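Reading the structure
What follows is the residue order along each chain.
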Amino acid sequence: MAPRPEEAGGGAGGAASAPPRGPGREMAAVLVGGSGRAVREAVRRSAVRSPASGCWGCASAGKRYLLTEEDIKLQEFQQMKVAIRNQLHSNKDQYFKNIKEKLKKNGIILKNELKNLLHLCQTSSDVELARKVIYRYHEQNGITALHNFKFGPLFMRLCYELDLERPAVELIKDQNLHGFFSDSTSFHILMTMLFKKGHFESALEVLVEMKKQGIPFNKETYLLAVAICYKLDSPESSKITVRLLEEAQLKGDTVPLRAYCFAVATALKQNDVAQAKFYCSQIMRTENKLYNNLKVLVQLRSGLLKEVINTLEAAVEVDIPPFVKRTEFSEQVLTAVREKMEENPDLSVKLGNIYTRLQTSGRITMCTLEDMLFQIPSSKKTTAKLLNQKQLGYQSANPLWSNLLLE
């Protein structure tokens, strides 16, 4: 039984410097079994690998997304900050003074006091005070109080808003706060923040920490995890992807289509065409644009040139109503196909005819496969407006797709 892609209809079973590297790598066994060697190697090789010449199109300057506002709920958090500030008549200084006095006198920190404090923080020094209050609150109340209200996501949204990944990583890994970050959302927000900054190694360590703490994985976790491994781009990170999806299979967890697409791309970048073909076979929603472009690329890399022609031909010949969006193919992928087809004159002529028909019907896009991988699904584009405004993307780190397309 394969893990169920979300689109197949299955339900879930659920600009600062890089932060310091903690013991996360030593916990690799949690993700891949055996020793921690695989994750350490994934991190080491991704750090020392020389970038390949060229990149996969013009994606290096574009924004990249994994989770959206709908997932992170940053806008909701910011609206609440305004409401609480107004409720306290903008008297932040006095409120902070009272909290500091309570800390000094070892007074009891109430739930609403911590909640208000997290919504009033505006600077890194404010967050430092919030850290002290969090430790005091957790010391006084333990895990039992957290069943009523989860502060973990609030703190992570605050760090996300203020671009402070260091305190976020330190607190989520601190055993003294065990149980404080007892939800997947806290880990997802932090991994997203690290990912957009290009700190893929640290993001992997947070994923390991999440597993170590026994937080159940859900579809967002699998998407983040496979995307992180895609960016690490090493044999070891590819193995982690395999093991993660195997675990999803055993549990019957829902795996999003995008996660499978990242897995296909990761396998192709590692020249593991057989694994890429297997991942393609797990995708049920085959009308997806990204899937069809990856499918062509997998067929091309497998040397199945006639199948490539059949796939493209089927796409142009299918009778689709005008109001239904048609599958588009990347100019970049078609260029790679054209170069490969030069070895076979007959197929090259067929491709030329298909290309003309695709071009005439407006079904050739300048989007690269890298663009497509990180494109927000159409159902989430409206809610992503805030993320666009906040520029919550990252600049891709020299992807190796020009080599991939040509091999």
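Bear in mind the structure is a predicted one, so any value in this text is a computation, not a measurement.

Axis separation between helix α8 (residues 152–162) and helix α9 (residues 165–173) bottoms out at 9 Å; the angle between their running directions is 155°. Relative to α9, the element α8 is oriented roughly antiparallel. Judged by the twist between their axes, the crossing of α8 over α9 is left-handed. On α9, the residues touching F155, M156 and C159 of α8 are P167, A168, L171 and I172.

Following both chains from N to C, one finds helix α7 (residues 124–141) and α9 inclined at 10°, their axes separated by 11 Å at the closest point. Comparing their axes, α9 and α7 come out roughly parallel. Across the interface between the two elements, V127, R131, I134 and Y135 of α7 pack against P167, E170 and L171 of α9. Counted by class, the contact of α7 with α9 contains five nonpolar, no polar and two charged residues.

Phi at N106 is positive, roughly 55°, even though this residue is not glycine. For N106, the location among the structural elements is in the loop between α5 (92–104) and α6 (111–120). Although it is not a glycine, D163 sits at a positive phi angle of roughly 65°. Position of D163 among the secondary structure elements: in the loop between α8 and α9.

The full count for this structure, using the stated rule, is 13 aromatic pairs. Ring centres 5.2 Å apart and planes at 70° place the aromatic pair F195 and F200 in the edge-to-face group. Judged by its relative accessible area of 3%, F195 is buried. Put simply, the rings of Y137, F149, F151, F155, F180 and F181 pair up and form one aromatic cluster. Of note, K92 hangs over the ring of F96, and the distance from its end group to the ring centre comes to 5.2 Å. The ring centre of F217 lies 5.1 Å from the NZ or CZ of K211, which sits over that ring.

Next up on the list: helix α4 (residues 74–87). Over its 14 residues, α4 runs 20 Å from end to end, which matches the ideal 20 Å to within 8%, given 1.5 Å per residue. Among the residues of α4, those classed as buried are L74, F77, Q78, K81 and I84. Relative to the axis of α4, the buried residues are bounded by an arc of 125° and lie together on one face. For α4, the exposed residues lying more than 90 degrees away from the buried face are E76, Q79 and Q87. Downstream of α4 by one or two residues, H89 has phi in the positive range, about 55°.

Calculation rules
Residues numbered from 1 in each chain as written. Predicted model: local features only at pLDDT ≥ 70, side-chain atom pairs only at ≥ 80, totals over all residues. Heavy atoms only, no water. Axes fitted to C-alpha atoms, helices over the stretch in contact; angles between N-to-C directions. Helix = DSSP H or I, 4+ residues; strand = E, 2+ residues; numbered from the N terminus. Parallel < 35°, antiparallel > 145°, perpendicular 65-115°, else oblique. Left-handed = near helix turned anticlockwise from the far one by under 90°. Contact = heavy atoms within 4.5 Å. Nonpolar A, V, L, I, M, F, W, Y, C, P; charged D, E, K, R; others polar. Phe/Tyr/Trp six-rings, centres within 6.5 Å; stacked < 30°, edge-to-face > 60°. Buried < 20%, exposed > 50% of the residue type's maximum accessible area, 1.4 Å probe, protein only. Lys NZ or Arg CZ within 6 Å of the ring centre and 35° of its normal. Expected span 1.5 Å × (residues − 1). Arc of directions from axis to C-beta.

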